[in-house]
Amino acid sequence: MRDPVFAGIEDRAGPLPWILRPKGFPGLLRAICAQLVSNEAAFAIWRRVSALPGATTPEGFLALDPERAGIEGGLTRQKVRHARALAEAILDGSLPLDRLEALPDAEAVAALCRVKGIGRWTAEVHLLFSHERPDVFPVGDLALQAAAAQLRGLPARPDARAMEAMAAEWAPWRSIAARLLWHHWLHHTKRATVDPA
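Residues numbered from 1 in each chain as written. Predicted model: local features only at pLDDT ≥ 70, side-chain atom pairs only at ≥ 80, totals over all residues. Heavy atoms only, no water.

I'd like a rundown of the overall build of the protein, residues and numbers included.
Per the secondary structure count, the protein includes 12 helices and zero strands. Of the regular secondary structure in the protein, the N- to C-terminal order runs α-α-α-α-α-α-α-α-α-α-α-α. Projected onto its principal axes, the C-alpha positions of the protein cover 50 × 35 × 25 Å. Taken across its 197 residues, the protein has 48% of its residues classed as buried. Summarising the internal contacts of the protein: among those between residues at least 6 apart in sequence, 63% fall at separations of at least 24. Carbon and sulfur atoms provide 56% of the accessible area of the protein, an area that totals close to 9700 Å². Across the protein, 24 positive and 22 negative side-chain charges occur, with their mean positions spaced 4 Å apart. (Helix = DSSP H or I, 4+ residues; strand = E, 2+ residues; numbered from the N terminus. Buried < 20%, exposed > 50% of the residue type's maximum accessible area, 1.4 Å probe, protein only. Contact = heavy atoms within 4.5 Å. Areas by Shrake-Rupley, 256 points an atom, 1.4 Å probe, with all protein chains shown as cover. Lys, Arg positive; Asp, Glu negative; His and termini not counted. Charge placed at Lys NZ, Arg CZ, Asp CG, Glu CD.)

Below you can see the structure in the form of structure tokens.
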């Protein structure tokens, strides 16, 4: 990646933190917690959910009373439904987690997106942070769009289509580009260096 947009990010923001998440149900559940909320809210929700006994296993989550998962875990009813759908898909084999690693990026995204409540952003964030795929870029992520706009001096955030075209220049290391852009945005907005999703 020789795009000058990345020059100086680590000089300004410090070394790039290498965030990793677990594979499988816990990592996907954490991505569901982060859907459509701020980083701070995502962290708060995840802390509450992961503190519930058994909640980070498919069997344990399904054993939880859905009302308890919502009230004590801080999950919306929709996210409880999505997490339960994920747990069921893992247990009944319709989401073949054991084969996910061997699938090409697009096929892995498609396999994850067949589960109700997992869209492209959730699938890509999971593949990027849990599987360390080198060339995944969540083009719909608002922070990535805002960072790209700010660094390139654009008048507005690029939409997902424009972001996809821009990110194509960074292949085959688009995951590194995403990490650097998140790192820049957290520094630029004066937020703590935390997991961007």
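So, next bit.
How would you sum up the packing of helix α10 (residues 142–152) against helix α12 (residues 174–188)? Please name residues and give values.
Packing of α10 against α12 leaves a shortest axis separation of 9 Å and a crossing angle of 80°. In terms of their interaxial angle, α10 and α12 are classed as roughly perpendicular. In contact with Ala143, Leu144, Ala146, Ala147, Ala148, Gln150 and Leu151 of α10, α12 contributes Ala178, Leu181, Trp182, His184, Trp185 and His188. (Axes fitted to C-alpha atoms, helices over the stretch in contact; angles between N-to-C directions. Parallel < 35°, antiparallel > 145°, perpendicular 65-115°, else oblique.)

Go over the packing of helix α2 (residues 24–33) against helix α9 (residues 120–129), please, and point to the residues and values.
Relative to each other, α2 and α9 sit at 130°, their axes nearing to 9 Å. What the angle tells us is that α2 and α9 run oblique. Where α2 crosses over α9, the handedness of that crossing is right-handed. Here α2 contributes Gly24, Gly27, Leu28, Ala31 and Ile32 to the contact with α9, which in turn contributes Trp121, Thr122 and His126. Residue composition of the contact of α2 with α9, grouped by class: four nonpolar, four polar and no charged. (Left-handed = near helix turned anticlockwise from the far one by under 90°. Nonpolar A, V, L, I, M, F, W, Y, C, P; charged D, E, K, R; others polar.)

If you had to explain helix α3 (residues 39–51) to someone new, which residues and values would you point to?
Helical geometry: 3.6 residues make up each α-helical turn, so side chains three or four residues apart lie on a common side. The terminal C-alpha atoms of α3 lie 18 Å apart, and with 13 residues this matches the ideal 18 Å at 1.5 Å per residue to within 8%. Among the residues making up α3, those that are buried are Asn39, Ala42, Ile45, Trp46 and Val49. Buried residues in α3, looked at end-on, bunch into an arc of 125°, giving them a common side. Looking at α3, the residues exposed on the side facing more than 90 degrees away from the buried face are Arg47 and Ala51. Next to the buried residues of α3 lie α2 and α12. (Expected span 1.5 Å × (residues − 1). Arc of directions from axis to C-beta.)

How would you explain the environment of Met166 if you had to name every residue and give the values?
Inspection of the secondary structure assignment puts Met166 in helix α11 (residues 160–168). Counting along the chain gives 61 residues from Met166 to Asp105, while the straight-line C-alpha distance between them is 18 Å.

Account for the packing of aromatic side chains, naming residues and giving values.
Inspection of the entire model under this criterion finds four aromatic pairs. Considering the side-chain rings of Phe6 and Trp170, the 5.1 Å spacing of their centres and the 70° angle between planes classify their relative orientation as edge-to-face. Within this pair, whereas Phe6 is found in the segment before α1 (9–13), its partner Trp170 is found in the loop between α11 and α12, the two being separated by 164 residues in sequence. Of the two residues examined, Phe6 and Trp170, each falls in the buried class. Consider the rings of Phe137 and Trp170, whose centres lie 5.7 Å apart with planes at 55°: the pair is tilted. Here Phe137 is found in the loop between α9 and α10, whereas its partner Trp170 is found in the loop between α11 and α12, with 33 residues between them in sequence. For the pair Phe137 and Trp170, a shared accessibility class is recorded, and that class is buried. Through successive ring pairs, a cluster of aromatic residues spans Phe6, Phe137 and Trp170. (Phe/Tyr/Trp six-rings, centres within 6.5 Å; stacked < 30°, edge-to-face > 60°.)

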